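Structural characterization, general
Here are the chains, one letter per residue:
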Amino acid sequence: MEEIGYFTEENSVDTVNARMGAGVNPRLAQVMASLVRHLHSFARDVELTQQEWEYAIGFLTRTGQICSAERQEFILLSDTLGLSMLVDAINNRRPDGATENTVFGPFHVEGAPVRQMGDLICFDGKGESCLFQGRVLDLQGKPIEGARIDVWSDNADGYYDVQQPDIQPKWNNRGVFITGADGCYSFVGIKPVSYPIPDDGPVGEMLAHLGRHPYRPAHMHYMIRAEGFQKLVTHTFVGGDDYLVSDAVFGVKKSLVAPFEKAESGKTLWRSDFDFVLARPTETK
Ligand code: BEZ
Ligand code: FE
């Protein structure tokens, strides 16, 4: 008869999980027991070799070592494995009609300047100008006053200002806009361009081994916060972009592909109209 406590190939999950003490936080116990179950099942499924396990440890070690205040390789790993988008989906189930969330990404900076509606956010003189405009509405179609719209995009060379602090002006292609009673927003940026996620580290190595490219389709980031509503973290994507169906981080949702049309006003080259619909905390799927 098997003795409890001695580890065998067959009883590995039960032996590890039985070691948990009494009084462990119930949620922690649930999460860790499941993690152990799935990890052991994975190793069994692929009959993980010692060499492969050592490679994985080395990979995770390098992933940690390349992290800094400016670079979070573990989040990038989670993004490229689709885990970030899955966690986002689980935690942001919204009714039909509400704007969908997508991945936050590593390039948001808190504290961007609050600007007036219609203001310019591009200060490096590069790229094709684009008027972004629309409304922030509730699910009943009513305008939301006082919504704080934080926007950010790459520049025409495919880099965020924080990736090129010595090259781009501070707050280039970023800004915060606060809606009035009509719920309307408008600002002038550039038509974003597709760009590769940072691929000079372990995540780039993984993508190359898997025959995957590192590109994201062109997009404008939005984070919209309004009192009494769920926070919306999303993008609008440039319709027709080559990478819409192969985004390196799986962030594209069909409902977020926006029209980018040649503008008739002559003030900007392009215009992109998009309404955002926020759900209240009780309005879930
Ligand atoms: C971004 O869109 O800024 C982004 C998202 C995930 C990983 C890297 C970049
Ligand atoms: Fe981005």
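Just so it is clear, the structure is predicted and the values come from calculations on it, not from any experiment.

Attention now moves to the pairing of strand β7 (residues 219–225). Extensive coverage of β7 is indicated by the burial of six of its seven residues. As paired strands, strand β2 (residues 148–152) and β7 are joined by five bridges and run antiparallel to one another. The residue of β7 that forms the bridge with Val 151 is Tyr 222. Turn length for the β7-strand β8 (residues 232–238) hairpin, with the two strands adjacent in sequence and antiparallel, is six residues, and the turn residue Gly 228 shows positive phi of about 85 degrees.

Take the domain arrangement of the chain next. Often, the extent of an interface is quoted as the loss of accessible area upon association of its parts. Looking at the assigned domains, one finds that the chain contains domain 1 (12–48) and domain 2 (78–277). Centre-to-centre, using C-alpha coordinates, domain 1 lies 38 Å away from domain 2.

Only Tyr 160 (OH), Tyr 195 (OH), His 219 (NE2) and His 221 (NE2) from the protein reach the iron ion (ligand 2) as donors, at distances of 1.9 to 2.1 Å. Around the iron ion (ligand 2) sit six donor atoms, and with donor-metal-donor angles ranging over 54 to 166 degrees the site reads as irregular. Within one chain, the residues serving as donors to the iron ion (ligand 2) are arranged as Y-x34-Y-x23-H-x1-H. Placement of Tyr 160 in the loop between β2 and β3 (174–178) and of His 219 in strand β7 is noted, with a sequence separation of 59 residues between them. For the residue pair Tyr 160 and His 219, the accessibility class agrees, reading buried in each case.

Next up on the list: the pattern of salt bridges. With the rule as written, the count across this model stands at 12 salt bridges. The salt bridge partner of Glu 205 is Arg 62, with a shortest N-O separation of 2.8 Å. In this pair, Glu 205 is assigned in helix α6 (residues 202–209) and Arg 62 in helix α3 (residues 50–65), connecting sequence segments 143 residues apart. Using a relative accessible area of 25% as the deciding quantity, one classes Glu 205 as partly exposed. Taking the shortest distance from any N to any O, the salt bridge between Arg 225 and Glu 110 comes out at 3.3 Å. Taken together, the residues Arg 225 in strand β7 and Glu 110 in the loop between α5 (83–91) and β1 (129–138) connect sequence positions 115 residues apart. Given a relative accessible area of 27%, Arg 225 falls into the partly exposed group. Taking the relative accessible area as the measure of exposure, Glu 110 reaches 51% and is therefore exposed. The structure contains a network of salt bridges with shared partners spanning Arg 71, Glu 73 and Asp 200.

Parameters and conventions
- Residues numbered from 1 in each chain as written.
- Chains lettered and ligands numbered in written order.
- Predicted model: local features only at pLDDT ≥ 70, side-chain atom pairs only at ≥ 80, totals over all residues.
- Heavy atoms only, no water.
- Buried < 20%, exposed > 50% of the residue type's maximum accessible area, 1.4 Å probe, protein only.
- Helix = DSSP H or I, 4+ residues; strand = E, 2+ residues; numbered from the N terminus.
- Pairing = 2+ DSSP bridges.
- Domains from an automatic or database assignment.
- Donors = N, O, S within 2.8 Å, 3.2 Å for Na, K, Ca; no water.
- Tetrahedral: all angles 85-135°; square planar, octahedral: opposite > 155°, others 65-115°.
- Salt bridge = Lys/Arg side-chain N within 4 Å of Asp/Glu carboxyl O.

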